[in-house]
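Letter by letter, the chains look like this.
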Amino acid sequence: MSSVEKVEKPTEKAKGMATEGLENEERGNWVGKLDFLLSLIGYAVGLGNIWRFPALCFRNGGGAFLIPYLIALFLCGMTMFFLEVTWGQFCSEGPITAWKLCPIFKGAGYAMVVISFITTIYYNVIIAYTTFYFFASFGSTVPWATCDNEWNTDACSLSYNGTVINGTWYNRTQVDDLNLTVLRKSPAEEYWTRNVLNISDGIEEMGNIQWKLALCLLFSWVVVFLCLMKGVKSSGRVVYFTATFPYIILLILLIRGATLPGSYEGIKFFLKPETKLLMEPKVWGDAFTQIFYSLGPSWGEIGRASCRERV
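Numbers given for residues are sequential positions, taken from 1 along each chain in its written order. Local features in this predicted model are restricted to residues whose pLDDT is 70 or higher, and side-chain atom pairs enter the listing and the counts only when it is 80 or higher, whereas totals over whole chains, interfaces and linings include all residues. Note that the side-chain values use all heavy atoms of the structure and ignore hydrogens as well as water.

Student: Can you break down the overall build of the chain residue by residue, with the values?
Tutor: Only DSSP runs of H or I with at least four residues qualify as helices, and only runs of E with at least two residues qualify as strands; both kinds are numbered from the N terminus onward. Secondary structure summary: the chain contains 13 helices and two strands in total. Remark: exposure states derive from per-residue accessible area (1.4 Å probe, protein chains only) relative to the maximum for the residue type, with buried under 20%, exposed over 50%, and partly exposed in between. Put simply, the chain has 311 residues, and 30% of those count as buried. If you sum the accessible surface of the chain, you get close to 20,700 Å²; carbon and sulfur atoms cover 67% of it. Where accessible areas are quoted, they stem from the Shrake-Rupley method and a 1.4 Å probe; at the residue level, only the protein chains shown are allowed to cover.

Here it is in structure tokens:
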């Protein structure tokens, strides 16, 4: 009598364990480890590091802000970032189904998706503004550099030493002597409020659709679609640009800022911090907020990216 080898079907748990290190045909995997690494770098370093972090440093004592920032980075940022990466690689699931490990916290997975959804919407609006300014800058002179445009008012001025009231210019001495209220507005401010946004006089006036901004927003969403249309196969190539571009911009801004008049005073302010501000709780709050805003731990995106990386 011949013996027949009996083969049992793998259980669901065995199937999950069998996918470790293999290609996930349904979700897809990163083509290479460099794609995965650059995706995490691009997620952690973005516009928030370019325009938000310098403002926080200036407001919270210059270089002194680095002390609570680095403490927050190592206590919360790096630890939670690493935890979410390893968790995503271990379970190979998205932010919702990953909580099968502990079903009582499944609601946290839904919260991650909702927060990411809301953030994506408003963040793409910021990208639309950036796109608008990008196209508007193609010219010998940028339109927000002068007060000679159709959207400018009498309050527009290139000088910080006075103001305009009813078409009459008053210098700083006259302003102080007459106790006048300074109504000066910079060309950049008026370009933003009166041309880009074209804001109405109040919330009761809805205004019209700003078609230039609407087209820029449509362009932003089209770019997002093209980056994600083939999953990690396409986004894995896009990160080669998105992860390195912020560093190029930071380098350009550093060189530009170092060559501007008064740059030495700014560097001195940064290197000679106001340590007394470290006693204020708000400074520490801003540091921890910036860590979660920049690195984005517990938002689900880190786990989503790492679940597609082979262990």
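There is more to say, and it comes next.
Student: Break down the state of the cysteines for me, citing the residues and quoting the values.
Tutor: Pairs of cysteine sulfur atoms within 2.5 Å are identified as disulfides in what follows. The tally for this structure, following the rule as stated, stands at one disulfide. Residue Cys-147 pairs covalently with Cys-156 via a disulfide, S to S 2.0 Å. The disulfide joining Cys-147 to Cys-156 has a torsion of about -75° about its S-S bond and is therefore left-handed.

Student: Which residues make up the packing of helix α8 (residues 211-228) against helix α9 (residues 232-242), and what are the values?
Tutor: To characterise two packed helices, one gives the angle between the axes of the helices and the distance between these axes. The angle between two axes is taken between their N-to-C directions and runs from 0 to 180 degrees, where each axis is a line fitted to C-alpha atoms and a helix contributes only its stretch in contact. α9 packs onto α8 with a crossing angle of 115° between their chain directions and a minimal axis gap of 6 Å. Mapping the contact onto sequence places Leu-226, Cys-227 and Leu-228 in α8 and Ser-234, Ser-235 and Val-238 in α9. Contacts are residue-level and defined by heavy atoms, with any inter-residue pair within 4.5 Å sufficient.

Student: I'd love a proper account of the pattern of salt bridges, names of residues and values included.
Tutor: Only one rule defines a salt bridge in this text: a Lys or Arg side-chain nitrogen within 4 Å of an Asp or Glu carboxyl oxygen. Applying the stated criterion to the full structure yields six salt bridges. We note a salt bridge from Glu-265 to Lys-268, for which the minimum N-O separation is 3.4 Å. Taken together, the residues span about one helical turn, with Glu-265 and Lys-268 both in helix α11 (residues 263-271) at a distance of three residues. For Lys-282, the salt bridge is made with Asp-286, and the minimal N-O distance between the two is 3.2 Å. Of this pair, Lys-282 and Asp-286 both sit in helix α12 (residues 281-294), separated by four residues, roughly a single helical turn. Residue classification places Lys-282 among the partly exposed residues on the basis of a relative accessible area of 48%. Residue Asp-286 is classed as buried on the basis of its relative accessible area of 13%. One salt-bridge network, held together by shared partners, links Arg-59, Lys-282 and Asp-286.

Student: Tell me what's going on with the packing of aromatic side chains, and back it up with residues and numbers.
Tutor: To describe a pair of aromatic rings, one takes the distance between the centres and the angle between the planes. Any Phe, Tyr or Trp ring, taking Trp's six-membered ring, that has another such ring centre within 6.5 Å forms a pair; planes under 30 degrees apart are called stacked, those over 60 apart edge-to-face, and the others tilted. Going through the model one piece at a time under the given rule, you end up with 18 aromatic pairs. Where Tyr-133 meets Trp-192, the ring centres are 6.4 Å apart and the plane angle is 35°; that geometry is what we call tilted. Of the two residues, Tyr-133 is situated in helix α5 (residues 106-136) and Trp-192 in helix α7 (residues 187-196); the sequence distance between them amounts to 59 residues. Look at Tyr-133 and you get partly exposed, because its relative accessible area is 24%. For the pair Phe-134 and Phe-138, a centre-to-centre distance of 5.1 Å together with 90° between the ring planes defines the contact as edge-to-face. Consider the ring centre and the ring normal. A charge sits over the ring if Lys NZ or Arg CZ is within 6 Å of that centre and within 35 degrees of that normal. A cation over an aromatic ring shows up here: Arg-52 above the ring of Tyr-293, its NZ or CZ 4.7 Å from the ring centre.

Student: Tell me about the nonpolar core, residues and numbers included.
Tutor: Residues grouped as a nonpolar core are buried Ala, Val, Leu, Ile, Met, Phe, Trp, Tyr and Cys residues, joined through side-chain atoms within 4.5 Å. Counting 22 residues, the largest nonpolar core has Leu-40, Phe-65, Tyr-69, Phe-81, Val-85, Ile-291 and Leu-295 as its most contacted members. Counting residues per element, the ones that place at least two in this core are α2 (33-44), α3 (47-59), α4 (66-91), α12 and α13 (301-306). With five residues, the top contributor of residues to this core is α4. What Ile-291 contacts, discounting residues up to four positions off in sequence, is Tyr-69, Ala-72, Leu-73, Gly-77, Gly-296 and Pro-297.

Student: I'd like a rundown of unusual backbone geometry, residues and numbers included.
Tutor: Apart from glycine, the bulk of residues carry a negative phi angle, and the bulk of peptide bonds sit in the trans form. Phi at Ser-92 takes a positive value of approximately 50°, unusual for a residue other than glycine. Notably, Asn-198 is not glycine yet its phi reads approximately 50°, a positive angle. With respect to the helices, strands and loops of the structure, Asn-198 is situated in the loop between α7 and α8.

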